Amino acid sequence: MLIRKKPPRPHAPGEPLLFNDHPLPVTRRQMISAGLLSGPAIVMAPAWLAALLKSPRATAGAPLTLDPDIAALLGATQCNVASASSKIPFICFDLAGGANLVGSEVLVGVQGGQSNFLSTAGYGKLGVPGNMVPSATANVDASLGLLFHSDSAIMRGIKTKATTAATAAGTNGAVFCAMSQNDTQSNPHNPMYGIAMAGAQGLLLTLAGTESSVSGGNSMAPMSLINPALQPTTINQPSDAVGLVNTGGAIADPVSVAILESQARISGASTPYQSGNPSSIGGALSAPNGPTPGVTLLPDPTADASLKNQVRCAYVKSANTTVKFGNPAALDPTQDPLITGGATPIFTAMDFQDGDVSKTATVMKLVLDGFAGAGTITMGGYDYHDGTRATGEMRNFKAGQMIGAVLEYAQRRGTPVMIYVFSDGSLSSTGMADNSVDGRGKLGWQGDNSSVSSTFFLAYSPSGRPALRNGVAGRQIGYYTSDGSVVDTSSPVANSVPSLVEAVILNYMGLLGTANQFSTLFPMQGLGGASSLTGLTALNAIV
């Protein structure tokens, strides 16, 4: 009896990916990689924030200000409430499952840079057929500074959203040739905590993300960088962002502000707090009432005073937020004319029915408007080695659209941005062309392959394309063998995901102009001395 094997078929965007050589998805991470779940958005903030900011009503009137004694507590030595946002917003895209990001997408080469091309067999391993191999005269797109394959699905997606000529003209980037394990959350890819340490901050939040995880994404954050004070609050759609500062109307409610100020005074008075001095924190809770002693929260006087100051600062921050963000529409991407308005909107009202669009627009507005310092956007379903090329092309194209939306919004706002794109591992080709419309004649994907994985970043500046620090070769950190595998000794990041994260942070600081402070801020870094750090920093400062 003849048994015919079913030919591979493409999977539409959003369709789950289930393979015989993979276990059935059980964990949340496995379900996201397979496309069975779409990652909800989260914002990193204290858990009590949303509850404290909600008010049952709003009152019309003149713009509110905090009472002087409460305003005096906003400073860095007291409650440390941010008065300015990041000079350079940061957003990373976590493509869960092991996406192809190079060869067919961002170009990679042997030692010497992107333009020192691989062999035909090497590009074939990365999904590029012989008739599409890049060369000095063909199949190269340099419109974003960083070199892409001219038929890159990510690049094509970017161009559908980044439609203004100035967007591409102000963009540059670099690629990290760096291996990571396939289909595992143990890759500590997420740089968010380090980015915050390097200076990212928002007026409302420090970090934003799309997964209710410690990192805010699918992949982990390096343990040495995690700050447990940043706790995630879930955001699934624009209404959740609006709810962060919803006072019940278009202006702040003065009654709510007055109550919060009173709570601050009750919790710890409105006198300056001196660390280690228990007598510096007073208030109604601490003061005795006749024979009744004041409230003691902890037996140690210093710890008791510190805790009361934290409680007081919670009310101070909430009062300040209510005053400063009295109009919740300021956080709503659906009401932002730079996103949904004009002849060429980045997204239409109908687009917001797509979960990826909804969370991307919400997070990018929070970050680029300065409400959050940095954010992670997780997109699921990138474990797409189903034998076809069409599935991967469609999903990478969509990722490109989301990346392009962030670039275009940054250009329209006139603000710089750094965008980092990574995935947990990668995959290699079948060697057989998929000649379907969506396959575009490229080679299909057959299985996971960590030796071909890489990551990349793009940086936009409204002042023009960021300049290369180490010449054109500096756009590529590390290099490949001619037959298409990462050389694991080609750079400090080539075979170490924690070092890769450090290099991303270093390049963020390079854009800020603070790269010379990297070793001081991260004394345990594994990237090497000053000469090595210079070689790993791709772009000059843009602020």
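Residues numbered from 1 in each chain as written. Predicted model: local features only at pLDDT ≥ 70, side-chain atom pairs only at ≥ 80, totals over all residues. Heavy atoms only, no water.

Colleague: Give me the lowdown on the packing of aromatic side chains, citing residues and values where you can.
Modeller: Counted under the stated rule, the structure contains eight aromatic pairs. Both rings, one in Phe 90 and one in Tyr 508, keep their centres 5.8 Å apart while their planes meet at 85°; by these two values the pair is edge-to-face. A residue pair is termed long-range when its members are at least 10 positions apart, and Phe 90 in strand E2 (residues 90-95) and Tyr 508 in helix H14 (residues 497-512) qualify at 418 residues. Its relative accessible area of 0% is what places Phe 90 among the buried residues. Clustering of aromatic rings is evident, with ring pairs tying together Phe 176, Tyr 420, Phe 422 and Phe 457. (Phe/Tyr/Trp six-rings, centres within 6.5 Å; stacked < 30°, edge-to-face > 60°. Helix = DSSP H or I, 4+ residues; strand = E, 2+ residues; numbered from the N terminus. Buried < 20%, exposed > 50% of the residue type's maximum accessible area, 1.4 Å probe, protein only.)

Colleague: Which residues make up the nonpolar core, and what are the values?
Modeller: Phe 93, Leu 95, Phe 148, Phe 347, Ile 403, Phe 456 and Leu 458 are the most contacted members of the largest nonpolar core, which totals 70 residues. Top element by residues in this core is helix H13 (residues 390-413). It accounts for eight residues. Of all hydrophobic cores here, the second largest spans 42 residues; its members include Tyr 420, Phe 422, Leu 511 and Leu 539. (Core = buried A, V, L, I, M, F, W, Y, C linked by side-chain atoms within 4.5 Å.)

Colleague: I'd love a proper account of the pattern of salt bridges, names of residues and values included.
Modeller: This model, assessed by the stated rule, comprises 14 salt bridges. Measuring nitrogen to oxygen at the nearest pair gives 3.0 Å for the salt bridge that ties Lys 442 to Asp 151. One end of the pair, Lys 442, is in strand E11 (residues 442-448); the other, Asp 151, is in the loop between strand E4 (146-149) and helix H5 (153-161), with 291 residues separating them in the sequence. Put simply, Asp 151, Arg 156, Arg 389, Glu 393, Arg 440 and Lys 442 are held in one network by salt bridges that share partners. (Salt bridge = Lys/Arg side-chain N within 4 Å of Asp/Glu carboxyl O.)

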